[in-house]
Number of protein chains: 2
Amino acid sequence: MRILLDGMGGDNAPNLIVEGAVMARREVPEDVEIMLVGKEDLLREALKEAGGSEEEIRIIPASEVITNDEAPVRAVRRKKDSSIAVGMRMLRDGEADAFLSAGSTGAILAGSLLIVGRIRGIDRPTLATVYPVIGHQPSLLVDTGANAECRPGNLRDFGLMGSIYMEHVLNRDNPSVGLVNNGTEPGKGTELTKEAYKLLDESGLNFIGNVETRELQNAVCDVIVTDGFTGNAIIKLTEGLGLMMLRELKQMFTASGKTKLGALLMKDQLRGMKRQFDYKEYGGAPILGVKKAVLKMHGSSDATAVCQTIRKAVPYVEHDVCGIIEHEVEALTDKA
Amino acid sequence: MRILLDGMGGDNAPNLIVEGAVMARREVPEDVEIMLVGKEDLLREALKEAGGSEEEIRIIPASEVITNDEAPVRAVRRKKDSSIAVGMRMLRDGEADAFLSAGSTGAILAGSLLIVGRIRGIDRPTLATVYPVIGHQPSLLVDTGANAECRPGNLRDFGLMGSIYMEHVLNRDNPSVGLVNNGTEPGKGTELTKEAYKLLDESGLNFIGNVETRELQNAVCDVIVTDGFTGNAIIKLTEGLGLMMLRELKQMFTASGKTKLGALLMKDQLRGMKRQFDYKEYGGAPILGVKKAVLKMHGSSDATAVCQTIRKAVPYVEHDVCGIIEHEVEALTDKA
């Protein structure tokens, strides 16, 4: 298995990306090859600094970089020697089995669609993000921003692909699927959610019905299905609110000698809670619905986040999640 | 000024509603009349129990009650002697200046539209909710569930009405208005948010542009504009996540003798944070865009929440918020 890492994407590229690769090299099995794509000289230097060698981590040269400010489709088309374009072509041509990048979400999506290609029957590939649930295993939120506007069939597909990922990569047995809605009764919601409810209900998935966002922290379902606009609002609100509460707590704790002592006594517990809101623990977000394994990492990923994503990519490829999605979609289409 | 309270709506009716009325009677000026509408015998008894008298709080008889399970429009039309229908008619006929209810949101909206009526030029009245911001004054979130599907002009109207309420009821000077979107750049989002951006930008309001939900806890704007589906997701997620974190903290605190001591030292600070997530502190949510003052209270409102809402209703009526909205919408229409 060959995992290809975009050495140029994200706020901390190339150094922390390369560091993460070296870290992962010590953790994943020998037969998993790790490769880096990007500016050769920069990557070589970073690799040396991180204590790695080109014998254990191969460098694939790519002279261009796509930035966050560029129009994604245009950038992917024009910058043919960018790390993202080169990486996606290697993925398409079977020279790599998974491509991981902390670069521009738009460019990664565009590259996935234009170069790697959609799975037949999947109208809209989706960005699925692990969603922290305090005191529980995380859920998977699909879509979190790839498709701001959706049709009911897209939401059904999100549920299907999310279930497969949850089962085969995060080891969740018979994952339950919930649809984000403004009420729990079946007739609730917009035209989109009403129709999506019907499709999910008939899909053969372990569909538990509508869920209100109030319930998301009660671990009500493994896969949370929603359109990309709402999903984006949910993930960012959770991040913003979680971090703000922790910051506020920290301030409280330093308010006086009395509270400082309180904080000291609670240190371990608070650290545990903070970890649950830390995206770094969960690794990257898969682009589900394209023919090969593509994982988008958080823009501010550090070495730990990169290492975690590489570890996540192993079962993704090993269990052939993309192949299972292809097969299940075919079965669904045949049934219809 | 006459404030009419639905004695039959909500989980705690009639007792805690009546208790809240008695509590408010001691707090609001003498010339503010407080009235209760509902089943006469029940209200009379509750009033007596709460230590109030019919001399200070008048009871308006209404023999029927609309429940949360009933189809709202139908219920309002059929149950002509329900507390909501009677209350809305008194409001329409000038026998009351504000109507407050903790009953079915749907029925309150339906009654507002069918009996009290929309302000000319406002296509969709909206439910605006005070949004807690940790360590800051709250924002106002509009819409929070009255209109799951919106057109761009609706969102512009939400911004306008929210600004007026914020200025005249919550004393916010030149309130800033932000549009919930999946990115901050002007071209971002769905067809709806792109168009709404333009309308808000031309509206003459203090529009600060798109806001991501990640920023809502940074007190970036006074009025947060969004469609009712997203607004509903935001308010319920905030409530769910906030309460879950506080519950988790409490558990941490009771984990051991050490942490129990920590909790004791931090008691005041934690209570302060909890208060910020407590809807009871903020009072009811106004239905903006109807001809008279209607305030929807949380279904589980207790006496404090009721009392706070009555207090909020006073400046709402005194500053003639409905009249200002009517006037401003006319000005906007004339300009167009």
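Residues numbered from 1 in each chain as written. Chains lettered and ligands numbered in written order. Predicted model: local features only at pLDDT ≥ 70, side-chain atom pairs only at ≥ 80, totals over all residues. Heavy atoms only, no water.

1. So, the sheet that holds strand 4 (residues 98-101) of chain A
Residue and element names in this part refer to chain A.
Working step 1: Pairing within the open sheet is mixed, and its 11 strands lie in the order 3-2-1-4-11-10-5-6-9-7-8. A single partner strand is all that each edge strand has here, and the edge strands are strand 3 (57-61) and strand 8 (206-211). Geometrically, the sheet is characterised by an average inter-axis angle of 25 degrees between neighbouring strands, direction not taken into account.
Working step 2: Where strand 6 (residues 139-142) lies against strand 9 (residues 223-225), 3 bridges are found, and the strand directions are parallel. Note that in strand 9 the partner of valine 142 across the bridge is valine 225. (Pairing = 2+ DSSP bridges. Helix = DSSP H or I, 4+ residues; strand = E, 2+ residues; numbered from the N terminus. Axes fitted to C-alpha atoms, helices over the stretch in contact; angles between N-to-C directions.)

2. Some remarks on the relation of the copies chain B and chain A
Working step 1: Overlaying chain B with chain A gives an RMSD of 0.0 Å, the required rotation being 180 degrees about an axis along which the chain moves by 0.0 Å. Here the copies are linked by what is in effect a two-fold axis. Identified as the residue of chain B closest to the rotation axis by C-alpha distance is glycine 262 of chain B, at 1.8 Å.
Working step 2: In this assembly, 100% of the residues forming the interface of chain B have copies in chain A that are likewise at the interface, indicating an isologous arrangement. (Least-squares fit on C-alpha atoms with pLDDT ≥ 70 in both. Contact = heavy atoms within 4.5 Å.)

3. Thoughts on the pairing of strand 10 (residues 285-288) of chain B
All names here are of chain B.
Working step 1: Burial of strand 10 is two-sided: the residues Ala285 and Ile287 facing one way and the residues Pro286 and Leu288 facing the other way are all buried.
Working step 2: In the sheet, strand 5 (residues 126-131) pairs with strand 10 via 2 bridges, with the strands oriented antiparallel. Opposite leucine 127, over in strand 10, you have isoleucine 287 as the bridge partner.
Working step 3: Taken together, the 2 bridges between strand 10 and strand 11 (residues 293-296) define a ladder with antiparallel strand orientation. If you follow alanine 285 over to strand 11, its bridge partner there is lysine 296.
Working step 4: In this structure, the hairpin formed by strand 10 and strand 11 is closed by a connection of 4 residues, where glycine 289 is found at a positive phi of approximately 110 degrees. (Buried < 20%, exposed > 50% of the residue type's maximum accessible area, 1.4 Å probe, protein only.)

4. Observations regarding the domain arrangement of chain A
Residue and element names in this part refer to chain A.
Working step 1: Partitioning chain A into structural domains gives domain 1 (1-122 + 289-320) and domain 2 (123-282).
Working step 2: Its C-alpha centre places domain 1 at a distance of 26 Å from the equivalent point of domain 2.
Working step 3: Taken together, the 21 residues of domain 1 in the interface contact 17 residues of domain 2.
Working step 4: Taking both partners together, domain 1 and domain 2 bury about 1,600 Å²; carbon and sulfur atoms supply 65% of that area.
Working step 5: Summed over the three residues of domain 1 that lose the most area to domain 2, namely Ile122, His298 and Lys312, the buried surface amounts to 35% of that side.
Working step 6: Between domain 1 and domain 2 we count 0 salt bridges in total.
Working step 7: Our count for the domain 1 to domain 2 interface comes out at 1 residue pair in polar contact (both at pLDDT 80 or more).
Working step 8: Of all the secondary-structure elements, those providing two or more residues to the side of domain 1 that touches domain 2 are helix 5 (105-116), strand 11 (293-296) and helix 10 (303-318). (Domains from an automatic or database assignment. Buried area = accessible area lost by both parts, 1.4 Å probe. Salt bridge = Lys/Arg side-chain N within 4 Å of Asp/Glu carboxyl O. Polar contact = N/O pair within 3.5 Å; in protein donor to acceptor, adjacent residues only side chain to side chain.)

5. Topic: unusual backbone geometry
Working step 1: In this structure, proline 14 of chain A follows alanine 13 of chain A across a cis peptide bond, with omega equal to -5 degrees.
Working step 2: Assignment of secondary structure puts proline 14 of chain A in the loop between strand 1 (2-6) and helix 1 (15-25).
Working step 3: Of note, the bond from valine 142 of chain A into aspartate 143 of chain A is cis; its omega dihedral lies within 30 degrees of zero at 5 degrees.
Working step 4: Position of aspartate 143 of chain A relative to the elements: it lies in the loop between strand 6 and helix 6 (152-168).
Working step 5: Positive phi, close to 40 degrees, is recorded for asparagine 174 of chain B, a residue that is not glycine.
Working step 6: Turning to its location among the elements, asparagine 174 of chain B is positioned in the loop between helix 6 (152-168) and strand 7 (176-180).
Working step 7: Take asparagine 174 of chain B: its relative accessible area is 54%, and that puts it in the exposed class.
Working step 8: Its identity is not glycine, yet alanine 219 of chain B carries a phi of approximately 55 degrees, on the positive side.
Working step 9: Given a relative accessible area of 32%, alanine 219 of chain B falls into the partly exposed group.

6. Comments concerning a negative patch on the surface
All names here are of chain A.
Working step 1: A cluster of acidic side chains, namely Glu19, Asp41, Glu45 and Glu49, defines a negative patch on the protein surface.
Working step 2: When residues in the negative patch are grouped by element, the largest group, 3 residues, is from helix 2 (residues 40-49).
Working step 3: Take glutamate 49: it is sitting in helix 2.
Working step 4: Taking the relative accessible area as the measure of exposure, glutamate 49 reaches 60% and is therefore exposed. (Patch = residues over 30% accessible without salt bridge, like charges linked within 9 Å, V, L, I, M, F, W, Y side chains within 5 Å. Areas by Shrake-Rupley, 256 points an atom, 1.4 Å probe, with all protein chains shown as cover. Lys, Arg positive; Asp, Glu negative; His and termini not counted. Charge placed at Lys NZ, Arg CZ, Asp CG, Glu CD.)

7. Overview of a nonpolar patch on the surface
Residues and elements named next belong to chain A.
Working step 1: Taken together, the side chains of Val73, Leu113 and Leu114 present a nonpolar region at the surface, about 230 Å² in accessible area.
Working step 2: Within the secondary structure, leucine 113 sits in helix 5.
Working step 3: Under the relative-accessibility criterion, leucine 113 is labelled partly exposed at 40%.

8. Digging into the sheet that holds strand 4 (residues 98-101) of chain B
All names here are of chain B.
Working step 1: With mixed pairing, 11 strands are arranged side by side in an open sheet as 3-2-1-4-11-10-5-6-9-7-8. Among the strands making up the open sheet, the edge pair consists of strand 3 (57-61) and strand 8 (206-211). Pairs of neighbouring strands in the sheet enclose a mean axial angle of 25 degrees, with direction left out of account.
Working step 2: Packed onto the sheet, helix 2 (residues 40-49) meets strand 2 (33-38) and strand 3 and runs at close to 160 degrees relative to strand 3.
Working step 3: Packed on one face of the sheet, helix 7 (residues 191-201) meets strand 7, strand 8 and strand 9 (223-225) and runs near 170 degrees to strand 7.

9. Some details on the interface of chain B and chain A
Working step 1: The interface of chain B with chain A comprises 49 residues on the first partner and 49 residues on the second.
Working step 2: Summing the contributions of chain B and of chain A, the shared interface buries around 4,600 Å²; its carbon and sulfur component is 74%.
Working step 3: For the chain B face of the interface with chain A, the top three residues by lost area are Phe229, Leu237 and Met245 of chain B, together amounting to 16%.
Working step 4: Summed over the shared surface of chain B and chain A, the number is 4 salt bridges.
Working step 5: Between glutamate 212 of chain B and lysine 236 of chain A there is a salt bridge whose closest N-O contact spans 2.2 Å.
Working step 6: At the junction of chain B and chain A, the tally comes to 12 residue pairs in polar contact (both at pLDDT 80 or more).
Working step 7: Mapped onto the side of chain B that touches chain A, the elements with two or more residues apiece are helix 7, helix 8 (228-253) and helix 9 (257-276) of chain B.
Working step 8: In terms of residues, the side of chain B that touches chain A owes the most to one element, helix 8 of chain B, which gives 20 residues.
Working step 9: Grouping the amino acids of the side of chain B that touches chain A by side-chain chemistry returns 23 nonpolar, 16 polar and 10 charged. (Nonpolar A, V, L, I, M, F, W, Y, C, P; charged D, E, K, R; others polar.)

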